[in-house]
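Summary of the model geometry
Below are the chains, spelled out letter by letter.
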Amino acid sequence: MIDLHSHSTASDGNLSPTNLVLKAKERGITVLALTDHDTTAGLAEAASAALSQGITFVPGIELNITWPTGEFHLLGLGLTHAHQELQSIITELKDQRANRNKNIIQKLKQDGFPVSQELLQAEFPNSTLGRPHIAAYLVKIGACKTVQQAFDQYLGKGRPYYIHRAGADLQDSIHAIKASGGIPVLAHPLSLYVSWGKIEPVLRGLREAGVEGLEAYHPGARRPEGFRLEEMGRRLGFFITGGSDFHGEGIRKDRKLGHGCKGDKIPYRLWTEELLPRLTFTERLQECDAGGAMEPVFKIWKSNTTD
């Protein structure tokens, strides 16, 4: 089994990078990408854990991109290091998130919720705080029963405590990912909130802008939608990926390691036939045995990243 989209406590997951890898091993995952939001902080730890577990590890990131409707998340898969351009974008996005957190917390406090930046940081000491942590805290204090309810009732778009975050520039992000040895991939395309009647020209524009891959298989898409996205993506010149967008046990019941559209296993061919041939470290992967497949990439990553 494979999973090309997952998160750890380095961003808004609830498992540390090491424990995420151990959970992946337990679930039979043989190829795992860690794609934390706007940070590379967990990659070295995850790569080391994956090496010890015999899992092929794909270093990645998920960047929030400026977009007029819905959400635009851009994956960078197969990073070999964090180029200065990528580090600058990460800093910009972290600052945006911190400001949004501050504004959300202020609005919640004004309405009587017992929440503060200090309380959240104490509750999630090793995480890059964001809305999922605020949602989890609302569950803890009894304001909501589930994280999903917290988003639906308070924190989601159009809800009373939603604060817009601008995101990074698309062209800058594409260039930064490529400068870092990675490949830009559009995550969960349906989150763009573009109708099926209009999505093809939008995707064509993104392909022409330099986005190379399209995540057709994701829990946010139904099985026929995944097939439709793959067919459309291939016609437009994308290669196809899939991922669970796993954030940890109990966060989203529909997001399980190794599974995409409505619980289907992510096809292994999306690794062997789609992503693997395009990675900059393909030759190194092929030169090593299964147990040490990630070692050269891990050494490159650890020696070059500063995030």
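1. Re the sheet that holds strand 7 (residues 239-242)
Read across the sheet, seven strands follow the order 1-2-3-4-5-6-7 without closing on themselves; strand pairing throughout is mixed. Of all strands in the sheet, those bounded by a partner on one side alone are strand 1 (2-3) and strand 7. In this sheet, strand 5 (residues 183-186) lies alongside strand 4 (residues 72-77) in antiparallel orientation, the contact comprising four bridges. Across the sheet, the residue bridging to Gly-76 is Pro-184, located in strand 5. Each of strand 3 (56-65), strand 4 and strand 5 touches helix 7 (residues 170-179); the most contacted strand, strand 4, lies at about 15 degrees to it.

2. Focus on the pattern of salt bridges
Overall, the coordinates contain 16 salt bridges when judged by the stated rule. For the salt bridge of Arg-204 with Glu-200, the shortest nitrogen-to-oxygen distance reads 3.4 Å. Note that Arg-204 and Glu-200 are positioned in helix 8 (residues 196-209) at a spacing of four residues, about one turn of the helix. Close ionic contact of Arg-222 with Glu-225 constitutes a salt bridge, the shortest N to O distance being 3.2 Å.

3. Quick word on the nonpolar core
Counting 65 residues, the largest nonpolar core has Leu-203, Trp-271 and Leu-275 as the members making the most contacts within it. Among residues more than four places away in sequence, those in contact with Leu-275 are Leu-4, Val-58, Leu-77, Ile-183, Phe-239 and Leu-270. Counting 20 residues, the second largest nonpolar core, distinct from the first, contains Ile-104, Phe-113, Val-147 and Leu-155.

4. Overview of the packing of helix 5 (residues 131-140) against helix 6 (residues 147-155)
In contact at an axis separation of 8 Å, helix 5 and helix 6 are set at 105 degrees when each is read in the N-to-C sense. Regarding the angle of helix 5 to helix 6, the classification is roughly perpendicular. In contact with Arg-131, Pro-132, Ile-134, Ala-135, Ala-136, Leu-138 and Val-139 of helix 5, helix 6 contributes Val-147, Ala-150, Phe-151, Tyr-154 and Leu-155. In terms of residue class, the contact of helix 5 with helix 6 is built from eleven nonpolar, no polar and one charged.

5. Some points on the packing of helix 3 (residues 84-110) against helix 7
Where helix 3 contacts helix 7, the axes come no closer than 7 Å and their chain directions differ by 135 degrees. Between helix 3 and helix 7, the angle is such that the two are oblique. Crossing handedness for the pair helix 3 and helix 7: left-handed. Facing Glu-85, Leu-86 and Ile-89 of helix 3, the residues of helix 7 in contact are Asp-172, Ser-173, His-175, Ala-176 and Ala-179. Split by residue class, the contact of helix 3 with helix 7 holds four nonpolar, two polar and two charged.

Thresholds, definitions, all that
- Residues numbered from 1 in each chain as written.
- Predicted model: local features only at pLDDT ≥ 70, side-chain atom pairs only at ≥ 80, totals over all residues.
- Heavy atoms only, no water.
- Pairing = 2+ DSSP bridges.
- Helix = DSSP H or I, 4+ residues; strand = E, 2+ residues; numbered from the N terminus.
- Contact = heavy atoms within 4.5 Å.
- Axes fitted to C-alpha atoms, helices over the stretch in contact; angles between N-to-C directions.
- Salt bridge = Lys/Arg side-chain N within 4 Å of Asp/Glu carboxyl O.
- Core = buried A, V, L, I, M, F, W, Y, C linked by side-chain atoms within 4.5 Å.
- Buried < 20%, exposed > 50% of the residue type's maximum accessible area, 1.4 Å probe, protein only.
- Parallel < 35°, antiparallel > 145°, perpendicular 65-115°, else oblique.
- Nonpolar A, V, L, I, M, F, W, Y, C, P; charged D, E, K, R; others polar.
- Left-handed = near helix turned anticlockwise from the far one by under 90°.

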